[in-house]
Amino acid sequence: MTSPADADAGPRRPRRPPWAGRNYTLLTAAAIATNLGSQGALIASAFAVLESGGGAGDVGLVAAARTIPLVLFLLVGGALADRLPRHRVMVAANAVNCVSQATFAALVLTGDARLWQMMALAALGGTGHAFFSPASEGMLMSSVSGEQAGRAFALYRMSMHGAGIGGAALGGALIAVIGPGWVLAVDAAAFLVAGALRAFLDVSHIPPREPGGGMLADLRDGWREFTARPWLWTIVVQFAVVNAVVVAAEAVYGPLVARDELGGAGPWGLALAAFGAGTVGGALVMMRWKPRRLLLAGTLCVFPLALPSAGLAVPLPGAGLAVVMFLAGLSVEVFGVSWMTALHQEIAEEKLSRVSAYDMLGSIGMMPVATALAGPAESAFGRAYALWGCSALVILLTAAVLTVPDVRRLTRRTTTPAAGTRKATETGAVSADAEGAVGRAG
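Report follows, based on the coordinates. It should be emphasised that the depicted structure is a prediction, and the values quoted were computed from it without experimental measurement.

Quick look at the overall build of the chain
Right, on to step 1. Within the chain, the regular secondary structure consists of 18 helices and zero strands.
Right, on to step 2. A separation threshold of at least 6 residues defines the contact pool for the chain, and within that pool the share at least 24 residues apart is 87%.
Right, on to step 3. For the chain, the accessible area works out to roughly 19700 Å², and carbon and sulfur atoms hold 68% of it.

Encoded structure:
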């Protein structure tokens, strides 16, 4: 029932949940902007190379030019983000990406893009990303607190994935209508908007950094933080291989199976779309589900990542492949939210970016090797056996990680320690029994 006072007050704006503060809202809006632009730009850059007269090898060179500086500068970017105000690092990186994409767009639109220029600009963009990613992850984790952190990370990731799916679809359509150059220009504008939003982030809640002993000392400190926790480094090693074989299966074998067994690219495109829809579904699940044993639940959800490779090995028809890809996307998102929550809970705020950089380096470092070896593996063992091998590696490594006690025992806290006070226990994790006692006492 509405009272006269309520009627006079007029419509009220919907209130944000208490965990969605100003910084979190700005970060989410900026991530949506950049993912809308960047996913289409990845497709546009490949078509720009082809339209300039290049071939598949040239497309690979441009992609490698983006990846190599990302791998080389990630650790430096992590150390810098823990030394400087993170929002300034993020804005500077966005400015670099804006300039590189705008220049790329101008060259394509004028019809004067050469391979070496596109490689140089891709390398510049990869360098910006290397400095941006650790700062972004550290800033996101410092923007939320308390028991609702997992829900906040799930909404952020759902928004990011949803924007990525929409950006890829929109980018593909725009390339066909107006050409790749204009899609690259849109991406440059998206980086400009995102940088402007991130410039308004408030870092007054973050304690001032204590003077360090230099960049190498910061990197060593981050390495000690990383290796002191068995749950952390074992899962990063696991995903160094898991990500590599999954990417090899999807980037190399998937299109080949679609061409030879499924009748063309259509069924494979549907399967990739189903994977994206699964990631959104997984984020929705994690908006409500808060597993007590974070890493146990997350690691169990890595097993379904073996399904796409197995589905390609059979091969399943298009509809069946879409189902297993959806399940894989949903499962990996459950892991992703659990992983971010564990890092947020266990790593001191002033070391988040350095630890995130080691995590990211492990996650992407083996991908170029795996994609390069996919062809020789197919020649040596046959495509089906190579794909079954990918599935086996996912299963064996995930089972091995479950033997690590900290992975099984690390437990969600009901309250998060203040920044700078999180210390590694002797094993790097809190046992389920100890955590339950802490929760009851609190």
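Details of unusual backbone geometry
Right, on to step 1. Here the amide bond leading from V314 into P315 is cis, since omega sits at -15°, within 30 degrees of zero.
Right, on to step 2. Note that P315 resides in the loop between α12 (307-313) and α13 (318-346).

Describing the pattern of salt bridges
Right, on to step 1. Tallied over the full model, the rule gives 12 salt bridges.
Right, on to step 2. Its salt-bridge partner being R229, residue E225 comes within 3.0 Å of it at the nearest N-O pair. Just as E225 is buried, R229 falls in that class too.
Right, on to step 3. Between E225 and K351 there is a salt bridge, with its nearest N and O atoms 3.2 Å apart.

Points about helix α4 (residues 86-109)
Right, on to step 1. Taking 1.5 Å of rise per residue, the 24 residues of α4 would be expected to cover 34 Å, and the 34 Å separating its terminal C-alpha atoms lies within 8% of that figure.
Right, on to step 2. Positioned one or two residues after α4, G111 has a phi angle of 70°, which is positive.

Quick word on the packing of aromatic side chains
Right, on to step 1. Tallying each qualifying case throughout the model produces seven aromatic pairs.
Right, on to step 2. Seen in terms of ring centroids, F239 and F335 are 4.5 Å apart; in terms of plane orientation they differ by 20°. Their pairing is stacked. Of this pair, F239 sits in helix α9 (residues 230-261) while F335 sits in helix α13, placing them 96 residues apart in sequence.
Right, on to step 3. Between F335 and W339, the ring centres sit 5.9 Å apart and the planes meet at 15°, which makes this aromatic pair stacked. Taken together, the residues span about one helical turn, with F335 and W339 both in helix α13 at a distance of four residues. Judged on exposure class, the residue F335 and its partner W339 are both buried.
Right, on to step 4. One aromatic cluster in this structure is built from W231, F239, F335 and W339.

Some words on the packing of helix α8 (residues 215-227) against helix α14 (residues 352-364)
The relative placement of two packed helices comes down to the angle between their axes together with the axis-to-axis distance.
Right, on to step 1. Look at α8 against α14: their axes get within 9 Å of each other, and the N-to-C directions meet at 70°. On the basis of the axis angle, α8 is roughly perpendicular to α14. Residues D218, L219, D221, G222, W223, E225 and F226 of α8 pack against R354, V355 and Y358 of α14.

Some thoughts on the packing of helix α6 (residues 149-178) against α13
Right, on to step 1. Look at α6 against α13: their axes get within 9 Å of each other, and the N-to-C directions meet at 130°. Here α6 is positioned oblique relative to α13, judged by the angle of their axes. Where α6 crosses over α13, the two elements pack in a sense that is right-handed. Touching A149, G150, F153, A154, R157 and H161 of α6 are E333, G336, V337, M340, T341 and H344, all from α13.
Right, on to step 2. Of the residues that constitute the contact of α6 with α13, the class distribution is five nonpolar, five polar and two charged.

Quick notes on the rules
- Residues numbered from 1 in each chain as written.
- Predicted model: local features only at pLDDT ≥ 70, side-chain atom pairs only at ≥ 80, totals over all residues.
- Heavy atoms only, no water.
- Helix = DSSP H or I, 4+ residues; strand = E, 2+ residues; numbered from the N terminus.
- Contact = heavy atoms within 4.5 Å.
- Areas by Shrake-Rupley, 256 points an atom, 1.4 Å probe, with all protein chains shown as cover.
- Salt bridge = Lys/Arg side-chain N within 4 Å of Asp/Glu carboxyl O.
- Buried < 20%, exposed > 50% of the residue type's maximum accessible area, 1.4 Å probe, protein only.
- Expected span 1.5 Å × (residues − 1).
- Phe/Tyr/Trp six-rings, centres within 6.5 Å; stacked < 30°, edge-to-face > 60°.
- Axes fitted to C-alpha atoms, helices over the stretch in contact; angles between N-to-C directions.
- Parallel < 35°, antiparallel > 145°, perpendicular 65-115°, else oblique.
- Left-handed = near helix turned anticlockwise from the far one by under 90°.
- Nonpolar A, V, L, I, M, F, W, Y, C, P; charged D, E, K, R; others polar.

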